[in-house]
Structures are given as C-alpha cells and as structure tokens.
Amino acid sequence: MLSRKGLIPDDYLLTRLAEDVLQPKFRAKQGKARFVAKNGACNVAHTNIREQGRFLQDVFTTLVDLKWLHTLVIFTMSFLCSWLLFGMIWWLVAFAHGDLDRRGDDFIPCVTDIHSFSSAFLFSIEVQVTIGFGGRMITEECVSAIIILIVQNIVGLVINAIMLGCIFMKTAQANRRAETLIFSKHAVISLRNNKLCFMMRVGDLRKSMIISATVRMQVVRRSTTDEGEVVPLDQVDIHLDNPVGTNGVFLVSPLIISHVIDKDSPLYELSPSDLQHQHVEVVVVLEGVVETTGITTQARTSYVSEEILWGQRFVPTVSEEDCLYAVDYSKFGNTVKVPTPCCSAKQLDEAGGLARFKLSEGAAARASVRRRRGSAGVRRSRMENPAEALVPSHHDSAKK
C-alpha cells in the first residue's frame, strides 16, 4: 500500500525487510532451519502440549491471539447462544405462568405479546440489545421475570465488554506498527575505526517516532558444554557499539548498528570460510514505545550465514538538501566492497593485529604497481623499436 502511494520504491518488500534489488538473492542452506524468519516470525512449533486447559484460564489473551475468522465466529456465536438461551428461559416463564393460552382481558401476563418461542426469542433480543420496539414488555406480575431481566442485562454487558475489547486489542496490536520498521536484507562484516565489526542497518518509514527504542542482538547456534550436554538453541548476547553509546537509539533516520568483534564476542573465531560451511544465525530485536498510542512494539529479523557479506559496508543514505536532511531509501540495502582481512578476528590478533595487515597490504599494492609499470615499459619499448618486438626478450623467455 505504501508503494502505491509513492512513499517508497516498488522494489521493497514491506515485511520489516528492505532489500536492495541489485544484490544477489541468497537462499538458506537446505536442511538448516532458522530460528527467526526474515519477517520476524519465530520458527518454533509447539507440539505434545498436554495441559491445554491453561489457555482457557486466560480467555481474553487466547481470544486476542486467535485469527480474525475464528474471533468473528466466536463473537457471533456468543450473541446467538445468549439470545437463544434467554429466549428459551422467557418461553418457559410464559409457559409456566400460562401466558401462551389466550384468556380474558383481566389476565395479566409476565411478558405481554408472547405467544410462541419465536416471540420469546425476539423479546430476548430486544432486552439484551436494548432495542425496545414497544410491542412486548415485562409486567409486575412475576418476580422471576424481573430477576431474569436483570441477569440477562448483566450477561449482555459482560459479553459486549469482552468481545468489543478483544476486537479493539486485535486492531490496535503493536505488531502492526512494526510493519514499517525495516531491516537491511544483508548484514556486513568489515573494518570500522580500525576494528573488525558486524553491522546491519535499521530504519523507520513513518514520521511518528519510536520512543526509547533499543536494539538487541543474539547469536543462536548449536553448542556443547564441557560436560557433553548438547544445547540445540544456545542464545548468546552480543554487545553493541551503537552511535549513541548504548543500546538505545534515536531512530529518526536509518542507523547502522555495529558490533565490535573482540575477544568477548561470540563471532571472534568466525572467518569467511566458516560462513560458507557453518550455520550461524544472528537475531536482531528492536523494541520501543509507539509515540501515538504509547504501546510497546517489537520488530525482529535474523541473518544466517548466506546473508552475511564479508568485506563490504553500507553506502550513505542521508544527504543535505535545501536545509533539510533527505533520506534515500533506494540505497538502504546497498553495499560496496572495502579492503578487509580474510581471516577471523582471532587470527588477526594472533598475526599481529590490523597494523600488520595494512603493512602486508601496502607491500602487495606496491608490488602490483611495480609489475604494472614494468609491463607497461616493455610494451612502450616494443612500440618504439618494432624490430625488438620480433626478438623474444629475456623477460618473455623467463615467463615461458
């Protein structure tokens, strides 16, 4: 819907996900299940639950969690059943008092104009919905009828409160606000401030802010304890180095959330080859309070090995135009290649750190420049002396 209004490009997928159409499409490895899907849904199936009665102890939450079709069916059936139940009760009251038999003008019934079950059912609807057509009404003749009238009014108010409250909560759920919180399709690992960092980008499409927004990251992986216990879903927290210094973010424009891969990081031993052979999943959770409603919302996504790009960084999306900061969401997921060590942070520290990597990179660059200059000089001399081009040089014979 937002793409139709021209707010964002048509190439975006608005399931809390913004992807660059120029990036190649990666798919997860076959046979490897991800803990959290890209749209934030948890890929967990609850089976063999024996204590189903616990869901009925919290009826309101159970109704809110149901699908819209089931909620509407329960909403309709609750009113129909209550109308039918009290319609039967009113018919029994009229039958016991003799209101169904036609008598003289001096006879006072409990409820006027009830001659069959259909008229009793209509009177039940009039009482509970407070329509009051005026043809049927209760009299002072029966105390039981007065008590039933009070009970039906109370039951009708309770059903209205529960059903209307349930529908209101379903329409005002905070996860609807999370649909406009977008994450980059890929995460990147590259150098930032002379440190190897894991980075992803998050943004908000709405102008209404998310107050007290916080970002958390976890690595979900299979691990084994020292005692030999296998933990299939071991969740390890990741410390973030956000632009504001803490986990809280001021989400006015798209931000790059960074994690420094150091000795305390669970990604310390991760290398480019590990991304190709191991199953690594990084879960990102964004929480905050919706400014307009004051309800807490949460958006989630995850990055598996195939969605983590080594040696790339995000391109800038914010520019200053006419005294305003303009955000170009077409560049939200764009990345560029940058020089990055092709080894893990642990191997980089053991090899002498980033300074050693820069020295070796500079030496390799100078050697390549010398080779290019040498080959260019040979070609230039051959062009100047065509006779020499027919005679193989010492350099060419050595290459042969």
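As a reminder, the structure under discussion sits directly above these lines.
All of the points below concern the structure found in this document. (Residues numbered from 1 in each chain as written. Predicted model: local features only at pLDDT ≥ 70, side-chain atom pairs only at ≥ 80, totals over all residues. Heavy atoms only, no water.)

**Brief notes about the pairing of strand β8 (residues 255-260)**
The line we're drawing: Under the scheme applied here, a residue whose accessible area is under 20% of the maximum for its type counts as buried, over 50% as exposed, and between as partly exposed, the area being computed with a 1.4 Å probe on protein chains only. Numbering goes from the N terminus for both helices and strands, where a helix is a DSSP run of H or I of at least four residues and a strand is a run of E of at least two. Pairing between strands is defined by DSSP: at least two bridges between the two strands are required.
Taken across its 6 residues, β8 has 6 buried, putting it largely inside the fold. Where strand β4 (residues 195-204) and β8 come together, 6 bridges link them in antiparallel fashion. Residue Arg201 lies in a different strand from β8, and its bridge partner there is Ile256.

**Thoughts on the packing of helix α3 (residues 68-97) against helix α5 (residues 143-171)**
Definition in use: Axis definition: a line fitted to C-alpha atoms, over the contacting stretch in the case of helices. Angles run 0 to 180 degrees between N-to-C directions. Here is the rule for angles: anything less than 35 degrees is roughly parallel, anything more than 145 is roughly antiparallel, 65 through 115 is roughly perpendicular, and the remaining ranges are oblique. Classification convention: Asp, Glu, Lys, Arg as charged; Ala, Val, Leu, Ile, Met, Phe, Trp, Tyr, Cys, Pro as nonpolar; all other residues, Gly among them, as polar.
Remark: α3 packs on α5, axes separated minimally by 11 Å, with the N-to-C direction vectors making an angle of 175°. By the angle class used here, α3 and α5 are roughly antiparallel. Grouping the amino acids of the contact of α3 with α5 by side-chain chemistry returns 17 nonpolar, 7 polar and 1 charged.

**Brief notes about the state of the cysteines**
Note the following rule: Note on disulfides: each one is a pair of cysteine sulfur atoms within 2.5 Å.
One pass over the full model with this rule turns up 1 disulfide. One disulfide in the model links Cys110 with Cys142; its S-S distance is 1.6 Å. The S-S bond linking Cys110 to Cys142 shows a torsion near -45°; that makes this disulfide left-handed. Of this pair, Cys110 sits in the loop between α3 and α4 (117-129) while Cys142 sits in the loop between α4 and α5, and the two are 32 residues apart along the sequence.

**Some points on the pairing of strand β10 (residues 296-304)**
In this structure, strand β9 (residues 281-290) lies alongside β10, joined through 9 bridges in antiparallel fashion. Across the sheet, residue Val284 finds its bridge partner in β10, namely Thr301. Taking the residues between adjacent antiparallel strands as the criterion, β9 and β10 are bridged by 5 residues, where Gly294 takes a positive phi near 75°.

**Remarks on unusual backbone geometry**
Phi at Asn194 is positive, roughly 65°, even though this residue is not glycine. When you line up the elements, Asn194 lands in the loop between β3 (187-192) and β4. In the Ramachandran plot, Cys323 falls in the positive-phi region, its phi being about 65° despite a non-glycine side chain. Inspection of the secondary structure assignment puts Cys323 in the loop between β13 (318-321) and β14 (324-327).

**Regarding α4**
Test applied: Expected helix span is given by 1.5 Å per residue-to-residue step, counting one fewer step than there are residues. Should any heavy atoms of two residues lie within 4.5 Å, those residues are counted as being in contact.
Spanning 13 residues, α4 covers 18 Å between terminal C-alpha atoms, matching the ideal 18 Å at 1.5 Å per step. Buried within α4 we find Ser119, Ala120, Phe123, Ser124, Ile125, Glu126, Val127 and Gln128. Tucked into the core, α4 has its buried residues touching α3 and α5. At the C-terminal side of α4, Thr130 shows a positive phi close to 55°.

**Observations concerning the environment of Cys42**
Take Cys42: it is sitting in the loop between β1 (17-18) and α1 (53-56). Residue classification places Cys42 among the partly exposed residues on the basis of a relative accessible area of 47%. Taking the C-alpha atoms as reference points, Cys42 and Arg300, 258 residues apart in sequence, are found 9.0 Å from one another. Dropping the residues within four chain positions of it, Cys42 is found in contact with Phe35 and Arg300.

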